[in-house]
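# Architecture at a glance
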Amino acid sequence: MTSSVGPGADLPPEWRRWTWEHPVGPRWLLLGDVDLEGSWADDAPLALCAEIEGLFVDLPPRSRERFTLVGCTPVGALAALLDRLPAEALGTDHAWLGGLVVTASPPPYWWGEHLGDVVVLAQRPNATVPGTVDIDLSGFVRVHDRTEAVIRPGQVTEFVLQGPDEEPYGTCRDVTGVFRDQAAPTVTQVRLLGCRPESALLTKLDALGQSTKAGLRRRRISADVHAVAADGSASRVIGAMVSGTIDTSEPSRIGTGLLDVTVNSEIGEPMPTGILGILERWHNGRPAERNLWAGYGRELRHHWAGVALAHRSVAPDRPAGVTYDLDGRFVTDIEGFYCAIGEAINGPGGYFGWNLDALDDCLSGRFGAQTPFRLVWHDSAVAREHLVTGYDRRLLGPATTLEYLLDMLAAHQVEIDLR
């Protein structure tokens, strides 16, 4: 069972035109790193699939977590908050602390853990160390996904607490609720439906039924998922992976010669189902209409920019001195700004950053525009109303303001005309 690809079969897998004879699909291409007869291959084709079940699932909102700072000597803003609030006010909006970094003085060297949207719930004298208190908190550990392990550092006898800009918040002897093992994946199985395996995956399927450690190792896959467009081209769906151990394989009802393959998943969270609607807008090529992202909420606006990144043009930058028009009517959040500036610079579906670091990279060249350039920001009053000082509960950090963006653009020699 081999590939059927159109023009460019000698190109890297993500540049080919993928085809097959079945009326349904292919919708997805899996590219993974595999050991082929002792030779390691990067981004090797594993399979074309009509559907992937369990990859896109809407999860309930992440639950707030509880922590305790044990044997704490608070200072700074943390001490001031505890001093001014009566016990009945703890756990309310008045006891909101914001961001808190739990770190340590070296040795050992340790980056620390960031807690976000922190609220003080209670305080009480520590039972063993006079003059210290135990402080109960609620909030979120800043992790990639809710199942991620948070490893306790070794040889730490005292934790250091910090606020924004490394402001001292005190010390404590221990912290509970922060450190944890890797949790089970939120979706335990992924099914590749209507799957045409490539040679690398066929080798792994041959190991089905082998329960030895070596057999289990041969059945492991770790693959990035690419969306296959109507013309057979494939683009990576950033953040979408199938990773785990193949459990079963059986003939598929979708077409003769196709398989349904079940993988016991090893990674944490699926992606939201709304991404499927975004990818559908790109299925027949790059969108021709601006602001298709405007109806999405913040999370899906972020993923829209990720899809734009995966489809970004490799054409040379336009020369310095060009004027670009940013449609600001829908810049009601920072994600909307990234979508809007992407289209201002590179047209409908355009990409020009999807976080501050990426924006800085784009302003340095190779992403469509060469500085200095002029940016005419229409309906800028929308951003002035919404991109304001505060705390960003989605990103668990200080909100990015319009003024910050304007300063950043100006530092890269962008002339801004607010209208």
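Notes on the structure in this doc start here. Being a predicted model, the structure only gives us computed values, none of them experimental.

## Points about the nonpolar core
By size, the foremost hydrophobic cluster in this structure holds 73 residues, and its most contacted members are I52 and F337. It is helix α6 (residues 334–346) that provides the largest number of residues to this core, a total of eight residues. Setting aside chain neighbours within four positions, we find I52 in contact with W28, L30, V190, R191, L192, V225 and V242. Counting 33 residues, the second largest nonpolar core, distinct from the first, contains L78, A89, I135 and V175.

## Here's the deal with the pattern of salt bridges
Tallied over the entire structure, the rule returns 25 salt bridges. Between E280 and R27 there is a salt bridge, and its shortest N-O distance comes to 3.8 Å. Within this pair, whereas E280 is found in helix α4 (residues 274–281), its partner R27 is found in the loop between β2 (18–19) and β3 (28–36), the two being separated by 253 residues in sequence. Residue E280 is classed as partly exposed on the basis of its relative accessible area, which comes to 45%. A salt bridge links E335 to R298, with the shortest nitrogen-to-oxygen separation between them at 2.7 Å. With a gap of 37 residues between them, E335 in helix α6 and R298 in helix α5 (residues 298–310) connect regions that are remote in the sequence. Overall, the relative accessible area of 25% leaves R298 in the partly exposed class. Put simply, R298, E299, E335, D392 and R394 are held in one network by salt bridges that share partners.

## Some remarks on the pairing of strand β8 (residues 133–141)
Most of β8 is tucked away: nine of the nine residues are buried. As judged from the six bridges shared by strand β5 (residues 65–74) and β8, these two strands associate in the antiparallel manner. Looking at the pairing, L69 lines up with I135 of β8. The pairing of strand β7 (residues 113–125) with β8 spans eight bridges and is classified as antiparallel. The residue of β8 that forms the bridge with Q123 is I135.

## Observations regarding α6
Relative to the 18 Å expected for 13 residues at 1.5 Å per residue, α6 spans 18 Å between its end C-alpha atoms, a close match to the ideal helical length. α6 sits mainly inside the fold: 12 of its 13 residues count as buried. Taken together, the buried positions of α6 are I334, E335, G336, F337, Y338, C339, A340, I341, G342, E343, A344 and I345. Residues of α6 that are buried in the fold lie against α5, β16 (323–327), α7 (356–363), β17 (373–378), β18 (391–392) and α9 (402–411).

## Considerations on the packing of α4 against α5
Closest axis-to-axis distance for the α4/α5 pair is 10 Å, and the angle between their directions is 40°. In terms of axis orientation, α4 runs oblique to α5. Crossing of α4 over α5 shows right-handed handedness. On α5, the residues touching G274, I275, I278, L279 and R281 of α4 are L300, H303, W304 and V307. Of the residues belonging to the contact of α4 with α5, the class tally is six nonpolar, two polar and one charged.

About the cut-offs
Residues numbered from 1 in each chain as written. Predicted model: local features only at pLDDT ≥ 70, side-chain atom pairs only at ≥ 80, totals over all residues. Heavy atoms only, no water. Core = buried A, V, L, I, M, F, W, Y, C linked by side-chain atoms within 4.5 Å. Buried < 20%, exposed > 50% of the residue type's maximum accessible area, 1.4 Å probe, protein only. Helix = DSSP H or I, 4+ residues; strand = E, 2+ residues; numbered from the N terminus. Contact = heavy atoms within 4.5 Å. Salt bridge = Lys/Arg side-chain N within 4 Å of Asp/Glu carboxyl O. Pairing = 2+ DSSP bridges. Expected span 1.5 Å × (residues − 1). Axes fitted to C-alpha atoms, helices over the stretch in contact; angles between N-to-C directions. Parallel < 35°, antiparallel > 145°, perpendicular 65-115°, else oblique. Left-handed = near helix turned anticlockwise from the far one by under 90°. Nonpolar A, V, L, I, M, F, W, Y, C, P; charged D, E, K, R; others polar.

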